[in-house]
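Notes for the structure review
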Amino acid sequence: MKVDDVKKLQHRKYREELHHFLVEGEHLILELQKAAATQPHLAQSQLFITEQYQDWVAENISLNLRTTVVGHKAMSQMSDTKSPQGIIAAVPFAPVQASNLQPAKNERAIYLYEIQDPGNLGTILRTLAWFGGFRCLLSANSVDPYNPKVVRSSMGAIFHVVLEQYVALEVVAERYTRIACLDMQGKALSDSGFKEFDCYVFGNEARGVPREQLEAMQAQPFTINGSGAIESLNLASAVNMCVYELVR
């Protein structure tokens, strides 16, 4: 991949056209290398570094990645940050296979409807990767999971969670027969029945999920009990609490 192509990866349109996304910084590059041990397509990533990073790459990267040395101006044009570290990778998307749609044994799905905040999605991915056993489904009109802000806030979790984009609510209802959601009028999260579902639906930060569609899916409502001092929880916090309840 040429430097000019890498610059385009700042935009979702080109990420989807070129089937690559950007990973920036030492920590994420090391996470990329770790994940490549079990995901061969990641070994096809390409590194772009400034001259100062040549020794670091030689000492820390055992993968035989194609590496291109670029100047500081080119690095700043590729980077999404104001002060680039000097190391970026163009990473290929995971290949789409029918087997990827089949849930693993005991796997649960977290479905996010029109989530908008990159930080929320990155935090949710970190939680799902930490506990394991979850896939993340995103509806249309959701933030791009390969947005550089999402990738950074995921702290490498982007490599360890199965992701599906553009999944319609109707498709969720076809794929999963036991669906749960959050609702102020639902049963308490501590109810033993909360762990009996295959897919857990969470709505847009401001609007939630259309109630009529939840009813059509026969989604069972649960609630996170609070003091009532404020109207709602941050979306990422709500997902994190639910996931912890599911695995504890």
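Residues numbered from 1 in each chain as written. Predicted model: local features only at pLDDT ≥ 70, side-chain atom pairs only at ≥ 80, totals over all residues. Heavy atoms only, no water.

**A few points about the nonpolar core**
Of all hydrophobic cores here, the largest spans 51 residues; its most connected members are Val-23, Ile-110, Leu-112, Leu-121, Leu-125, Cys-136 and Phe-159. The leading source of residues in this core is helix H10 (residues 235-247), at 6 residues. If you look at the next biggest cluster of nonpolar residues, it comprises 16 residues, including Ala-109, Tyr-113, Val-201 and Val-209. (Core = buried A, V, L, I, M, F, W, Y, C linked by side-chain atoms within 4.5 Å. Buried < 20%, exposed > 50% of the residue type's maximum accessible area, 1.4 Å probe, protein only. Helix = DSSP H or I, 4+ residues; strand = E, 2+ residues; numbered from the N terminus.)

**Comments concerning empty space enclosed by the protein**
A complete count under the given rule lists 1 cavity of 30 Å³ or more for this structure. Here the largest cavity defines a volume of roughly 70 Å³. Around the largest cavity, the lining residues are Gln-10, Leu-22, Val-23, Glu-24, Leu-28, Met-78, Ser-79, Asp-80, Ile-88, Pro-148, Val-151 and Arg-152. Counting residues per element, the ones that place at least two in the lining of the largest cavity are strand E1 (20-24) and helix H7 (148-154). A per-class count over the lining of the largest cavity returns 7 nonpolar, 2 polar and 3 charged. (1 Å grid on protein atoms, 1.4 Å probe; cavity = no way out; pocket = protein on both sides within 12 Å on 5 of 7 lines; lining within 4 Å. Points joined across faces, edges and corners; volume = space filled by probe spheres on them. Nonpolar A, V, L, I, M, F, W, Y, C, P; charged D, E, K, R; others polar.)

**Structural notes on the sheet that holds strand E10 (residues 220-223)**
Strand order in this open sheet of 6 strands is E7-E6-E5-E9-E8-E10, and the pairing throughout is parallel. Bordering the open sheet on either side are strand E7 (162-164) and E10, each of which pairs with just one other strand. Strand-to-strand twist in this sheet, taken as the mean axis angle between neighbours without regard to direction, amounts to 35 degrees. The pairing of strand E8 (residues 179-188) with E10 spans 5 bridges and is classified as parallel. Residue Ala-180 lies in a different strand from E10, and its bridge partner there is Gln-220. Sheet strands in contact with H10 are strand E5 (108-112), strand E6 (134-138), E8 and strand E9 (199-202), and its direction is about 165 degrees off that of E9. (Pairing = 2+ DSSP bridges. Axes fitted to C-alpha atoms, helices over the stretch in contact; angles between N-to-C directions. Contact = heavy atoms within 4.5 Å.)

**Some details on the side chain of Arg-108**
In this fold, Arg-108 is placed in strand E5. Buried and without a salt bridge, Arg-108 has Asp-198 as its closest oppositely charged side chain, separated by 6.8 Å. The contact partners of Arg-108, leaving out residues within four places of it in the chain, are Gly-133, Phe-134, Arg-135, Lys-195, Phe-197, Asp-198, Tyr-200 and Leu-246. (Lys, Arg positive; Asp, Glu negative; His and termini not counted. Salt bridge = Lys/Arg side-chain N within 4 Å of Asp/Glu carboxyl O.)

**Observations concerning the pairing of E8**
Across 3 bridges, the pairing between E8 and E9 is parallel. Across the sheet, Ala-180 pairs through a bridge with Tyr-200, a residue of E9.

**Notes on the packing of helix H6 (residues 118-131) against H10**
Between H6 and H10, the least distance of the axes is 9 Å, while the angle of their chain directions is 10 degrees. As summarised for this structure, H6 and H10 are arranged roughly parallel, according to the angle between their axes. Where H6 approaches H10, its residues Asn-120, Thr-123, Ile-124, Thr-127, Leu-128 and Phe-131 are matched on the opposing element by Leu-235, Ala-236, Val-239, Asn-240, Val-243, Tyr-244 and Val-247. Broken down by class, the residue content of the contact of H6 with H10 amounts to 9 nonpolar, 4 polar and no charged. (Parallel < 35°, antiparallel > 145°, perpendicular 65-115°, else oblique.)

**Points about the sheet that holds strand E3 (residues 66-69)**
Ordered by their spatial adjacency, 4 strands build an open sheet running E1-E4-E2-E3, and the pairing between neighbours is mixed. The two strands at the open ends of the sheet, each matched to only one other strand, are E1 and E3. Within the sheet, the average angular offset between the axes of one strand and its neighbour, ignoring direction, is 20 degrees. With 4 bridges connecting them, strand E2 (residues 46-49) and strand E4 (residues 87-92) associate as antiparallel partners. Following the sheet pairing, Gln-46 is matched in E4 by Ala-90. Set on the sheet, helix H3 (residues 26-36) makes contact with E1, E2 and E4; between it and E4 the angle comes to about 35 degrees.

**Concerning the state of the cysteines**
Should the sulfur atoms of two cysteines be covalently bonded, the bond is a disulfide. Tallied over the full model, the rule gives 0 disulfides. With no disulfide of its own, Cys-242 lies closest to Cys-181 among cysteine sulfurs, the gap being 10 Å. (Disulfide = S-S within 2.5 Å.)

**Some thoughts on the UniProt feature "domain: MRM3-like substrate binding" (unreviewed entry) in the chain**
Feature annotation in UniProt assigns "domain: MRM3-like substrate binding" (unreviewed entry) to the following positions: residues 2-89. Across residues 2-89, helical content stands at 43% and strand content at 18%; the span's end C-alpha atoms are separated by 12 Å. (UniProt positions renumbered as here; feature names shortened; annotations may be inferred.)

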